[in-house]
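Architecture and fold: a report
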Amino acid sequence: MPTTEETQTRLAEIPNLTVSAHTPLSRYTRFGIGGPADLFAETRDEQAFIAALSAARESGTPVCVTGGGTNLIVSDQGFRGLVVRFCESTLCADGPRIQVGAGAVLQDLVDFANHHGLKGLETLAGIPGWVGAAVYGNAGAYGHSISERVTAVRFFDGEDVRVFDNSQCDFRYRESIFKRRKEWIIFRVELLLEPAGAAELEEISAGILKVRNEKFPPTMKCAGSIFKNFLLRELPPAVAAAVPAAVVREGKIPAAWFLEQVGAKGMQLGGIQVAAYHANLIYNAGQGTASELRELIAELKRRVRERFGIDVEEEVQYVG
Ligand SMILES: Cc1cc2nc3c(=O)[nH]c(=O)nc-3n(C[C@H](O)[C@H](O)[C@H](O)COP(=O)(O)OP(=O)(O)OC[C@H]3O[C@@H](n4cnc5c(N)ncnc54)[C@H](O)[C@@H]3O)c2cc1C
């Protein structure tokens, strides 16, 4: 099997791809946690990305694709293989349709749509990360998800570049087919929006941003909500009956409610802390490690299972 150095040399020969070795992933995660990747590569070019994947496959090197790193818990040991990011981020509008590269920052897409007087993304203001991962995880907030506006997704399935329409993406709450087929990598997304007044859309987004920045200060080392909320209709009836009606929002019960009942708020393990004001918000208060974070998550899951007989499921993705 080729060594890491040999694979690095091979990757370095691919035009339009930047490669480094022993790259600390803590630099590329909002948690600021994570050991080194053996190899780390970035490109804006589809062909370069495909060539990198094929070089990795031929050398038996495991691959992990990341975006902005805002929803990742990378292990303290890092990743033994190639971490690769697709950074293409161009945005263009054609009437009510927007085409955007998977590497665009989601907030830039929201600003672009608002500025062009195109309604449909304004409530996604302030969700960190890139467009590709937003589609992968069907990101959303304030009762809306990106899937409502996606009309086409261009992706690489490991063999070919394909395009799926909305129904083929099989979107659900914080889910899509791309989450179940992790080897499928999103390159480009098309969205269909509705004409509206730019000023009105910008005002909605600014209001949301203000609230969000208070809840999640931009410098906070976190992943937003650690656990997925529950759909009321999917909970066992006895558990659903125990939840006060006022807690239910848009058919969902916040995971935070269950976590709060088991004493999560303010819990701490080493440098990792549960926010005192939000039971589903865990952050790195300084020198926290991935193992502390995982241990704290496991303890919270254990407590909720013991008390309610249900499993809180991570929204965050693990690497390494
Ligand atoms: C403060 C804060 C608040 C947040 N609030 C919300 C919220 O309100 N709503 C919400 O939905 N999320 C929220 N999140 C979570 C996060 O913003 C989203 O999950 C976001 O979409 C992750 O984007 P990213 O680019 O950082 O992805 P990463 O964290 O880098 O990756 C996440 C996953 O996406 C996959 N991925 C990345 N790029 C691609 C691609 N091109 N093709 C296929 N798969 C890919 C990765 O393999 C990984 O499994 C919040 C996070 C933070 C830190």
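Data block above holds the structure.
Model, not experiment: these values are computed from the prediction. (Residues numbered from 1 in each chain as written. Predicted model: local features only at pLDDT ≥ 70, side-chain atom pairs only at ≥ 80, totals over all residues. Heavy atoms only, no water.)

Overview of the overall build of the chain
What the chain contains, in helices and strands, is 9 helices and 21 strands. For 320 residues, the compact-globule formula gives about 20 Å, and the C-alpha radius of gyration of the chain, at 20 Å, lands near that figure. Along the first, second and third principal axes, the C-alpha set of the chain runs to 60 × 50 × 35 Å. Looking at the chain as a whole, 52% of its 320 residues are labelled buried. In the chain, the share of contacts with a sequence separation of at least 24, taken over all contacts with a separation of at least 6, comes to 62%. Across the chain, the centroid of the 34 positively charged side chains sits 5 Å from that of the 39 negatively charged ones. (Helix = DSSP H or I, 4+ residues; strand = E, 2+ residues; numbered from the N terminus. Rg over C-alpha atoms; globule rule 2.2 N^0.38 Å. Buried < 20%, exposed > 50% of the residue type's maximum accessible area, 1.4 Å probe, protein only. Contact = heavy atoms within 4.5 Å. Lys, Arg positive; Asp, Glu negative; His and termini not counted. Charge placed at Lys NZ, Arg CZ, Asp CG, Glu CD.)

Comments concerning the pairing of strand E2 (residues 36–43)
Burial of E2 is extensive: 6 of the 8 residues sit out of reach of the surface. Pairing of E2 with strand E5 (residues 79–86) involves 6 bridges; the strand directions are parallel. Following the sheet pairing, Phe40 is matched in E5 by Val83. (Pairing = 2+ DSSP bridges.)

Let's talk about the packing of aromatic side chains
This structure, assessed with the given rule, holds 14 aromatic pairs. With a centroid separation of 5.6 Å and 90° between ring planes, the pair formed by Phe49 and Phe187 is classed as edge-to-face. Here Phe49, found in helix H2 (residues 46–58), pairs with Phe187, found in strand E13 (residues 185–192); they are 138 residues apart in sequence, far enough to count as distant. Following the ring pairs from residue to residue traces out a cluster consisting of Phe49, Phe86, Phe156 and Phe187. (Phe/Tyr/Trp six-rings, centres within 6.5 Å; stacked < 30°, edge-to-face > 60°.)

Some words on the site of the ligand
Around the ligand there are 31 residues in total, and Val65, Gly67, Thr70, Pro128 and Gly140 lie nearest to it. Pro128 is positioned such that a nitrogen or oxygen atom in its backbone is 2.7 Å from an oxygen atom of the ligand. A distance of 3.1 Å separates an oxygen atom of the ligand from a polar side-chain atom of Tyr136. For the ligand, the protein covers 92% of the area, taking 1,000 Å² as the surface of the free molecule. Breaking the shell around the ligand down by element, the ones donating at least two residues are strand E3 (63–66), helix H4 (131–136), strand E9 (140–141), E13 and strand E15 (222–225). (Near = heavy atom within 4 Å. Polar contact = N/O pair within 3.5 Å; in protein donor to acceptor, adjacent residues only side chain to side chain. Areas by Shrake-Rupley, 256 points an atom, 1.4 Å probe, with all protein chains shown as cover.)

A few points about the sheet that holds E5
On the basis of which strands lie adjacent, the open sheet formed by 4 strands has the order E1-E2-E5-E3 and mixed pairing. A single partner strand is all that each edge strand has here, and the edge strands are strand E1 (17–24) and E3. Adjacent strand axes in the sheet meet at a mean angle of 25°, parallel and antiparallel pairs treated alike. Across 4 bridges, E3 lies against E5 in parallel orientation. Bridge pairing in E5 places Val65 opposite Val84. Sitting on the sheet, helix H1 (residues 4–12) touches E1, E2 and E5, and the angle it makes with E1 is about 155°. Sheet strands in contact with H2 are E1, E2, E3 and E5, and its direction is about 165° off that of E5. (Axes fitted to C-alpha atoms, helices over the stretch in contact; angles between N-to-C directions.)

Focus: the pairing of E13
Of all the 8 residues making up E13, 7 are buried; the element is thus mostly covered by neighbouring parts of the structure. For strand E7 (residues 97–101) and E13, the ladder comprises 5 bridges, and the chain directions are antiparallel. Opposite Gln99, over in E13, you have Glu190 as the bridge partner. Examined bridge by bridge, strand E11 (residues 150–156) and E13 share 6 bridges and lie antiparallel to one another. Bridged to Phe156 within E13 is Ile185.

A short note on the sheet that holds strand E18 (residues 268–269)
Sheets are built from strands paired through backbone hydrogen bonds, the pairs being either parallel or antiparallel. Spatially, E15-E20-E19-E18 is the arrangement adopted by the 4 strands of the open sheet, whose pairing is antiparallel. Unpaired on one side and paired on the other, E15 and E18 mark the two borders of the sheet. Here 2 bridges tie E15 to strand E20 (residues 281–284), and the two strands are oriented antiparallel to one another. Bridging across to E20, Ser225 finds its partner in Leu281. Helix-sheet contacts for helix H9 (residues 290–308) involve E18, strand E19 (272–274) and E20, and the interaxial angle to E19 is about 30°.

Considerations on empty space enclosed by the protein
Per the stated rule, a full pass over the model turns up 1 cavity of 30 Å³ or more. Each pocket or cavity is described by its volume, and for the largest cavity that value is around 50 Å³. If you go around the largest cavity, the residues you meet are Leu25, Tyr28, Thr29, Phe40, Thr66, Leu72, Val74, Val83 and Val319. Grouping the constituent residues of the lining of the largest cavity by class yields 7 nonpolar, 2 polar and no charged. (1 Å grid on protein atoms, 1.4 Å probe; cavity = no way out; pocket = protein on both sides within 12 Å on 5 of 7 lines; lining within 4 Å. Points joined across faces, edges and corners; volume = space filled by probe spheres on them. Nonpolar A, V, L, I, M, F, W, Y, C, P; charged D, E, K, R; others polar.)

Details of the side chain of Glu122
By the element assignment, Glu122 lies in the loop between strand E8 (118–119) and H4. We classify Glu122 as buried; its relative accessible area is 5%. Reaching out from Glu122, the side chain makes a polar contact with the side chain of Lys119 at a distance of 3.3 Å. Ignoring any residue separated from it by four or fewer positions in sequence, one finds Glu122 in contact with Val110, Asn114, Leu201, Ile204, Ser205 and Ile208.

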